[in-house]
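# Summary of the model geometry
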Amino acid sequence: MSRVTLAQWQMLAAVVDHGGFARAAEAIHKSPSTLNHAVHKLEEQLGVQVLEPVGRQVRLTEAGELLLRRARQLIESSASLEDVAARLASGLEAEIVVAIDQTFPEAAQARALEQFSADFPQVRVQLHESVLNGGIEMLYDARADLVITGLEAQGFLGEPLVNVRFIAVAHPEHPLHQLGRELDLRDLAQYRQLVVRDSALRQSVNAGWLKAEQRWTVGHLHTSLDMVKRGLGFAWLPETRIAEDLAAQCLKPLPLAAGAIREVPIQIIFRDRDRAGPAAHAMAKALKQAVAERTSNDSTESNVTP
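Each chain has its residues counted from 1, following the order in which its sequence is written. Two thresholds apply to this predicted model, a pLDDT of at least 70 for residue-level local features and 80 or more for giving and counting side-chain atom pairs, whereas whole-chain, interface and lining totals are computed over all residues. The basis for every side-chain value is the complete set of heavy atoms in the structure, and neither hydrogens nor water enter the calculation.

## Some thoughts on helix α5 (residues 106-119)
Helix and strand assignments follow DSSP, with helices taken as H or I runs no shorter than four residues and strands as E runs no shorter than two, numbered in order from the N terminus. A helix's residues, less one, multiplied by 1.5 Å, set its expected span. Counted at 1.5 Å a residue, the expected span for α5 with its 14 residues is 20 Å, and the 20 Å between its end C-alpha atoms agrees. Taken together, the buried positions of α5 are Ala108, Gln109, Ala112 and Phe116. All buried residues of α5 project into a common sector of 100° when viewed along the axis, lining one side. Seen from the open side of α5, the exposed residues pointing more than 90 degrees away from its buried face are Ala107, Glu114 and Ala118. For every residue, the accessible area obtained with a 1.4 Å probe (protein chains only) is divided by the maximum for its type, and the residue is called buried under 20%, exposed over 50%, and partly exposed between those limits. Throughout, the arc means that of the directions going from the helix axis to the C-beta atoms.

## Some details on the packing of helix α9 (residues 221-229) against helix α10 (residues 239-247)
The interhelical angle for the contact between α9 and α10, taken along N-to-C directions, is 25°, at an axis separation of 12 Å. With respect to α10, the axis of α9 lies roughly parallel. When you trace α9 past α10, the crossing you get is right-handed. Mapping the contact onto sequence places Leu221, His222, Leu225 and Lys229 in α9 and Arg241, Ile242 and Asp245 in α10. Across the contact of α9 with α10, the residue classes tally to three nonpolar, one polar and three charged. Lines fitted to C-alpha atoms define the axes here, with helix axes fitted over just the stretch in contact, and angles between the N-to-C directions of these axes take values from 0 to 180 degrees. An angle counts as roughly parallel when it lies under 35 degrees, as roughly antiparallel when it exceeds 145, as roughly perpendicular when it falls between 65 and 115, and as oblique in every other case. Crossings are classed by handedness, with left-handed meaning an anticlockwise turn of the near helix from the far one by less than a right angle and right-handed meaning a clockwise turn. Contact definition: two residues touch when any of their heavy atoms are within 4.5 Å. Classification convention: Asp, Glu, Lys, Arg as charged; Ala, Val, Leu, Ile, Met, Phe, Trp, Tyr, Cys, Pro as nonpolar; all other residues, Gly among them, as polar.

## Focus on the packing of aromatic side chains
Two numbers describe a pair of aromatic rings. These are the distance of the centres and the angle of the planes. When two rings of Phe, Tyr or Trp (its six-membered ring) have centres within 6.5 Å they constitute a pair, described as stacked for plane angles under 30 degrees, edge-to-face for angles over 60, and tilted for the intermediate range. If you walk through the whole model with that rule in mind, you get three aromatic pairs. Between Phe116 and Phe120 the ring centres are 5.3 Å apart and the planes differ by 25°, which places this aromatic pair in the stacked class. Judged by relative accessible area, Phe116 falls into the buried class, the value being 4%. Look at Tyr140 and Phe156: their rings are 6.0 Å apart centre to centre, the planes differ by 35°, and that puts the pair in the tilted class. Residue Tyr140 is found in helix α6 (residues 133-140), and its partner Phe156 is found in the loop between β5 (146-149) and β6 (159-170); the two are separated by 16 residues along the sequence. Phe156 gets classed as partly exposed once you look at its relative accessible area, which sits at 22%. Counting as a charge over the ring demands two things of the Lys NZ or Arg CZ atom: a distance within 6 Å of the ring centre and an angle within 35 degrees of the ring normal. The residue whose ring lies beneath Arg192 is Trp216, and the NZ or CZ to ring-centre distance is 3.9 Å. Between the NZ or CZ atom of Arg262 and the centre of the ring of Trp236, over which it lies, the distance is 3.7 Å.

## Observations regarding empty space enclosed by the protein
Grid spacing is 1 Å over the protein atoms alone, the probe is 1.4 Å, and a cavity is where that probe fits but cannot get out, while a pocket is an open set with protein on both sides within 12 Å along at least five of seven lines and lining residues have an atom within 4 Å of a point. Grid points are joined across faces, edges and corners, and a volume is the space filled by probe spheres set on the points. What the rule picks out here adds up to two cavities of 30 Å³ or more. Space inside the largest cavity adds up to approximately 40 Å³. Taken together, Arg111, Ala112, Gln115, Ala286, Gln289, Ala290 and Glu293 make up the full set of residues lining the largest cavity. At the level of secondary structure, the elements contributing two or more residues to the lining of the largest cavity comprise α5 and α11 (278-302). Per-element accounting of the lining of the largest cavity gives the leading share, four residues, to α11. Of the residues belonging to the lining of the largest cavity, the class tally is three nonpolar, two polar and two charged.

## A look at the nonpolar core
Buried Ala, Val, Leu, Ile, Met, Phe, Trp, Tyr and Cys residues form a nonpolar core when they are joined through side-chain atoms within 4.5 Å. With 37 residues, the main nonpolar core has Ile96, Phe104, Phe116, Leu146, Ile148, Leu254 and Leu287 as its most contacted residues. When residues of this core are traced back to their parent elements, those giving at least two are β3 (95-101), α5, β5, β6, β11 (261-270) and α11. Among the elements that line this core, the one with the most residues is α11, at nine residues. In contact with Leu254, not counting residues within four places along its chain, are Ala168, Val169, Ala170, Leu176, His177, Leu183, Leu188, Phe234 and Ala260. Core analysis: the second largest hydrophobic core is formed by 19 residues, Met11, Ala14, Val50 and Leu60 among them.

## Re unusual backbone geometry
Backbone geometry places His29, a non-glycine residue, at a positive phi of 60°. Within the secondary structure layout, His29 lies in the loop between α2 (21-28) and α3 (32-46). The phi torsion at Gln249 lies on the positive side, around 65°, for a residue other than glycine. For Gln249, the location among the structural elements is in the loop between α10 and β10 (252-253).

By themselves, these are just geometric observations and shouldn't be taken as functional.
Spelled out as C-alpha cells, the structure:
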C-alpha cells in the first residue's frame, strides 16, 4: 500500500479549515477536483472514511478528527523545518526583537548591546524594556525572538542568567526611618508604595504590592527610583540600580523585620532556539558574557583590601 503524502494531509486540513472543497481550492490555489481526488485517495489508502457530507458541506468523521489532529503535528513540523531552511538559506536576520525586563542590570545590558553592535552593525535591534508579564506576553504572541525575564513561561525552557537582589528603600528622611525601630507590614501599609506597572496588555499583575492605600503606579523603574529619592514613597529596587545612591546615602534600606531583601532569578528564553538566526544567538551570548564579566568584576572588587 502506498503511503499517504504530506500534501494529502495538507489538502484535507485545507478542506476542513475552509469549510469545503470550493473555498479550500480558492485559498490554496488548487482545483476542487484535485482536492477531491486527494482526499478520496487518502481514504482509500487508509481504509477509513475521514469526511462525511452534511447538506452541501462536509465535516470530519470521528476517525477523521483523530487522524487530522495527529496529522496537524506533522504539518506544523514540516512548516517549522521549511522555515529553518529558509532562514539558513537567507543567512543573517535583518532585525531581532529582544524584550529585557527593566530589573536586568543596566551595565550588563549596555555592555551586551555594545558588543552586539560591534559584531553585527548591520542588524536592527528592537529593544523592549518590559516589566513582569510584558516579556512573557511578547513570547506567547511570537513578537520577540529573545526574552529576559524573572518569570516562568509555560511551554518554554529558560536558561538561568543572573540573580537580582531587590532592597526595600526610602529617602533617609522618610517618616518610616524616623520610627527608630524594626518595621513590619502594618508600618508599610500606612505610607505610599511605589510600584512599576506591568507592561503586559493582558493578564497584568501587581507583583510586590502590599495593598498600601497610597500606592502610586509608574511606567518605568527609573521613575520609581527618582520618586523614592525625592521622598515620595518607598519601594523595592534592584541593588544594581541603587548601589551608588546607597553609598552616597541618598537612599537608606528600610529596617524590616523580614522581607527587606528579595532575590529574583532572571532567565533568558528563546522563542524558538532551533529557528533562531545567528544574530539572536549572538545577542544571547553577549548578554551571558556581559553578566559573567560583571560577576567577575564584582568578585574582584570584593576581594580587594581597602
